[in-house]
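The chain contents come next:
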Amino acid sequence: MKKSKKLMCLALSAAFAVSALAGCGNSGKGSSSEPTYKIGAIGPVTGSAGAYGEAVKKGAQLAADEINANGGINGAKIEFKFEDDENDAEKAVNAYNTLKDWGMQMLMGTVTSAPCIAVESEAANDNMFLLTPSGTAVDCISGSNAFRVCFSDPAQGTKSAEYISENNIATKVACIYDSSDPYSSGIYQNFAAAAPDKGMEVVAAEAFTADSKTDFKVQLQKVKDSGAELVFLPIYYTEAALLLQQAKDINFSPIFFGCDGLDGLLDVENFDASLAEGVMLLTPFAADAEDEKTQQFVKAYSEKYNEAAPIQFAADAYDAIYTIKAAAEEAGTKADMSNSDLCDALVAAMPKITVEGVTGTITWAEDGEPDKEPKAVKIESGAYVAL
Amino acid sequence: MTVMKNTIKNMKKSTKSNLITYGMVIVAYIIVQIFSTTGNLSSMMQGLLVPLCIYVIAAVSLNLVVGFSGELSLGHAGFMCIGAYVSAFFSSCVGDALPGPLRFLFAILIGAAVAGIFGILIGIPVLRLRGDYLAIVTLAFGEIIKNLMNVLYIGIDGSGLHIQASDGGALVLDAGGKVIVNGALGITGTPKDSTFTIGVIIILITLFIVQNLVNSRSGRAIMAIRDNRIAAESIGINITKYKLMAFSISAALAGVAGVLYSHNLATLTVKKFDYNTSIMILVFVVLGGIGNIRGSIIAAVILTALPELLRGLSDYRMLIYAIVLVAMMLFNWAPAAISWRERMKEKIAERRKHQTKEAA
């Protein structure tokens with residue numbers, strides 16, 4: 001009996017060790033004796049959220065390399081270092097401290113919301129400039145030192161509701177969201193709060209959790225029975241791909257409307273793009289957009305990393321690095337300034353700058369929230385078409 | 001001096017072993033304090049100190065169940081979660097109405113009490129099961145706690161507490177009200193009261209509780225049940241009582257670890273307390289030796305610090321970590337490795353004997 005228990009312990013420990021294993025990537029950097037801007041970044045590159053951190057890492061690295069090739073910021077090169085946080089608040093703080101030991105002057109991160117809140121409170125103590133590319137929770141930028149590139153949860157939820165009602169897309173709407181994910185439930189809450197004011201009725205709100213995100217038949221059936229014309233999906237594209245397939249299986253074809261998390265849907269492996277036909281999403285970035293800036297970025301990204309197209313996380317990170325550059329140039333900073341002096345200078349400069357990025361033309365309010373126009377796109381014959 | 005030597009010599013073996021454990025913790029604390037006051041401690045190490053305390057407490061408390069009570073519990077993170085949430089909720093509610101240290105003291109006591117009560121509640125039905133069945137049920141308990149906390153929304157305003165399950169939008173609060181527990185986003189803005197010193201004090205208290213329990217009459221009863229349930233029952237030991245005692249004390253101590261966790265970070269989400277965390281704590285216990293408290297402490301420290309120290313390897317970090325873990329398990333517990341270690345020990349002892357002989 002006891003022996004079998006020990007064996008079980010060992011087997012479970014081995015399972016744990018294996019589950020701790022995850023993907024790899026590449027990062028190259030050089031150091032020189034001249035003063036450089038040390039930009040640290042934190043995000044998950046292992047674990048279930050690994051794809052997002054990986055995209056941010058690549059997007060930011062691309063921007064840093066481009067800036068360095070064109071002479072750097074105010075004449076000084078950028079050193080970029082990315083640390084893994086496994087999408088865990090505690091590990092994110094460890095990563096932050098590791099970067100501090102490295103000599104980080106500015107932080108581009110973190111990628112996900114909950115770790116970002118933990119790191120922000122440390123960064124506020126140290127007066128370290130923080131610019132999160134994709135931390136959407138309101139508290140991610142609670143300090144005066146923090147800014148963000150993406151829309152916040154409330155902004156996405158309310159903007160989606162506004163867009164649907166202003167364009168008379170539907171009046172009876174249903175939501176399917178991930179209640180265990182702060183991003184998803186955050187958007188849902190704000191959407192549900194804004195919908196009645198916009199003349200919409202939320203007829204069904206069905207949740208799933210991270211432990212059961214492969215079978216949506218029950219939720220879809222309930223939504224179908226509720227007679228919704230539009231299904232709002234504040235979820236990520238991996239789940240959405242499965243959900244769309246299952247919706248087709250039960251012959252349910254309402255209008256699907258998503259947020260920036262749906263971007264990347266068309267690049268899911270083995271996904272039948274015809275299923276996504278007519279899906280609408282409100283996103284600041286679309287890899288198929290016609291403008292020159294986006295096309296250049298997509299081309300450079302896919303050439304450098306040999307991938308089909310960057311997802312929105314990569315675009316946010318790319319813009320974040322250029323934002324730091326713009327703010328540093330506006331403030332006329334020097335690379336040998338301390339992180340606290342740099343932070344004061346950058347915070348003062350942020351509301352004054354306008355960044356023409358791949359996620360739109362962005363300006364910042366003093367509270368750190370970005371102001372940019374969401375682009376509504378619709379998927380038509382396997383491609384994003386701007387509405 | 002000779003008196004002291006004699007007292008040490010006459011000391012019971014268990015007392016000596018306990019004192020070594022306390023001493024180890026205190027020496028580690030003093031070394032860290034020396035490094036930190038001389039400014040030689042990196043930010044990374046400073047940030048790691050409180051998490052180290054948290055996992056040491058969690059590992060020691062789990063060892064009480066796994067090692068001494070002989071039951072495999074896979075829901076330890078669930079008790080941590082309860083302690084963390086309850087105490088963070090308390091601290092957020094109280095805010096600045098109480099001075100920091102007093103508030104934290106209450107938070108610790110409340111976290112321990114509530115986790116302990118849950119330990120009893122879970123323990124009563126669950127401890128009727130044995131072996132693998134208990135493992136499965138505790139695993140389920142951890143998942144239930146996780147999913148419950150995930151859909152819990154609690155807000156506070158002038159008219160009191162508002163509780164909602166599954167939909168935060170339904171929380172209607174007066175102006176000036178605030179949402180404390182926000183579903184998947186958890187609790188944010190908990191005051192950061194956890195410090196290394198408090199962590200070490202709690203480790204010492206944990207050790208005091210666990211070691212004294214193990215060497216007491218109750219502790220011997222607990223171990224008797226582990227070693228032979230039927231024999232223990234036949235001499236009149238109340239099996240349910242003693243098992244429940246070990247289980248609920250372990251739960252309460254895990255709750256304290258949770259309190260330290262929630263007061264160390266500005267954010268508390270339930271995702272942290274999943275199956276993986278329970279298993280990780282179990283790994284500390286297994287690697288350190290089931291029933292070996294000192295081993296649990298050392299294993300918890302090494303395995304918590306290792307992934308951070310390996311950051312220099314960047315992409316290969318988790319790969320190396322896993323390999324090191326497997327290697328350490330083998331070195332510590334594979335029969336071949338154990339006999340090899342024994343042989344080496346004998347060899348060294350022989351050589352020493354030889355040397356002393358030659359010297360004489």
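Along each chain, residue indices are assigned from 1 in the same order as the chain's sequence is written. As a convention, the first chain written is A and the first ligand written is 1, with the rest following in written order. Only residues with pLDDT of at least 70 are given local features in this predicted model, and only at 80 or more are side-chain atom pairs given and counted; all residues enter the totals for whole chains, interfaces and linings. To obtain the side-chain values, all non-hydrogen atoms of the structure were included, while hydrogens and water were left out.

Participant: Give me the sheet that holds strand β3 (residues 106-109) of chain A: which residues, what numbers.
Facilitator: Residue and element names in this part refer to chain A. Two strands are said to pair when DSSP picks up at least two bridges between them. Helical segments are the DSSP runs of H or I of at least four residues, strand segments are the runs of E of at least two, and each set is numbered from the N terminus. Strand order in the open sheet formed by 5 strands is β2-β1-β3-β4-β5, and the pairing between neighbours is parallel. Each having just a single partner strand, β2 (78-84) and β5 (146-148) make up the two edges of the open sheet. The average undirected angle you get between the axes of adjacent strands in this sheet is 20 degrees. Across 7 bridges, the pairing between strand β1 (residues 37-43) and β2 is parallel. The partner of Lys 38 across the bridge, within β2, is Glu 79. This element, helix α2 (residues 50-69), spans β2 and β3 of the sheet and lies at about 170 degrees to β2. To get an axis, a line is fitted to the C-alpha atoms, and for a helix only the part in contact is used. The angle between two axes follows their N-to-C directions and goes from 0 to 180 degrees. Should any heavy atoms of two residues lie within 4.5 Å, those residues are considered in contact.

Participant: Requested: an account of a nonpolar patch on the surface, with residues and values cited.
Facilitator: All names here are of chain B. Taken together, the side chains of Leu 102, Leu 105, Phe 106 and Leu 109 define a hydrophobic patch exposed on the protein surface, amounting to about 350 Å² of accessible area. Mapping Phe 106 onto the fold places it in helix α5 (residues 100-126). A simple rule labels every residue: compare its accessible area, found with a 1.4 Å probe on the protein chains alone, to the largest value its type can have, and call it buried under 20%, exposed over 50%, or partly exposed in between. Since its relative accessible area comes to 37%, Phe 106 is described here as partly exposed. For patches, a residue must show more than 30% relative accessible area and have no salt bridge; joins then use 9 Å for like charges and 5 Å for nonpolar side chains, namely Val, Leu, Ile, Met, Phe, Trp and Tyr. Computed with the Shrake-Rupley method and a 1.4 Å probe, the accessible areas treat only the protein chains shown as cover for residues. For this document, the term salt bridge refers to a Lys or Arg side-chain nitrogen within 4 Å of an Asp or Glu carboxyl oxygen.

Participant: Quick one: what's the story with the sheet that holds strand β14 (residues 375-380) of chain A, residue by residue and with numbers?
Facilitator: All names here are of chain A. Spatially, the 7 strands line up as an open sheet ordered β7-β6-β8-β9-β10-β14-β15, and their pairing is mixed. Both outer strands of the open sheet, β7 (201-208) and β15 (383-386), are each paired with one neighbouring strand and no more. Going from strand to strand, the sheet's axes swing by 25 degrees on average, the running direction of each strand aside. Summarising the sheet, strand β6 (residues 172-178) and strand β8 (residues 230-233) pair through 3 bridges and their orientation is parallel. Bridge pairing in β8 links Ala 174 to Val 231. Here helix α7 (residues 217-225) sits on the sheet and contacts β6, β7 and β8; the angle it forms with β7, its principal contact strand, is near 170 degrees.

Participant: I'd love a proper account of a negative patch on the surface, names of residues and values included.
Facilitator: Residues and elements named next belong to chain A. A surface patch of like charges, here negative, comprises Asp 267, Asp 288, Glu 290, Asp 291 and Glu 292. By secondary structure assignment, the location of Glu 290 is in the loop between β10 (280-283) and α9 (292-305). Judged by its relative accessible area of 68%, Glu 290 is exposed. Here Asp and Glu are counted as negative and Lys and Arg as positive; His is not counted, and neither are the chain ends. Think of each charge as sitting on NZ of Lys, CZ of Arg, CG of Asp or CD of Glu.

Participant: Report on the packing of aromatic side chains, specifying residues and quantitative values.
Facilitator: Put simply, two rings from Phe, Tyr or Trp (the six-membered ring, in Trp's case) pair if the centres are within 6.5 Å, and we call them stacked under 30 degrees between planes, edge-to-face over 60, tilted for the rest. Inspection of the entire model under this criterion finds 20 aromatic pairs over all chains. Relative to Tyr236(A), the ring of Tyr183(A) lies with its centre 4.8 Å away and its plane at 10 degrees, an arrangement referred to as stacked. Residue Tyr183(A) is found in helix α6 (residues 182-194), and its partner Tyr236(A) is found in the loop between β8 and α8 (237-249); the two are separated by 53 residues along the sequence. Here Tyr183(A) matches Tyr236(A) in class, with each residue buried. Between Phe79(B) and Phe247(B), the ring centres sit 5.8 Å apart and the planes meet at 85 degrees, which makes this aromatic pair edge-to-face.

Participant: Describe the domain arrangement of chain A, listing the residues and the values that go with them.
Facilitator: Residue and element names in this part refer to chain A. For each domain, the first and last residues come from an automatic or database assignment. Partitioning chain A into domains gives domain 1 (37-151 + 294-371) and domain 2 (154-283). A straight line from the C-alpha centre of domain 1 to that of domain 2 covers 29 Å. At the junction of the two partners, domain 1 supplies 8 residues and domain 2 supplies 13 residues. Once two parts are brought into contact, the accessible area they lose, counted with a 1.4 Å probe and summed over both, makes up the buried area. In total, about 1,000 Å² of surface goes out of reach between domain 1 and domain 2, with carbon and sulfur atoms giving 62% of it. Of all residues in domain 1, the largest losses of buried area upon contact with domain 2 belong to Tyr 52, Phe 151 and Gln 312, amounting jointly to 47% of the total for that side. Our count for the contact surface shared by domain 1 and domain 2 stands at 0 salt bridges. Between N or O atoms, a polar contact is any pair within 3.5 Å; within protein, one atom must be a potential hydrogen donor and the other a potential acceptor, and residues adjacent in sequence are included only when both atoms are from side chains. Our enumeration of links across domain 1 and domain 2 arrives at 1 residue pair in polar contact (both at pLDDT 80 or more). Just so you know the grouping, Ala, Val, Leu, Ile, Met, Phe, Trp, Tyr, Cys and Pro go in nonpolar, Asp, Glu, Lys and Arg go in charged, and all remaining residues, Gly too, go in polar. Here the residues of the side of domain 1 that touches domain 2 are counted per class, giving 6 nonpolar, 2 polar and no charged.

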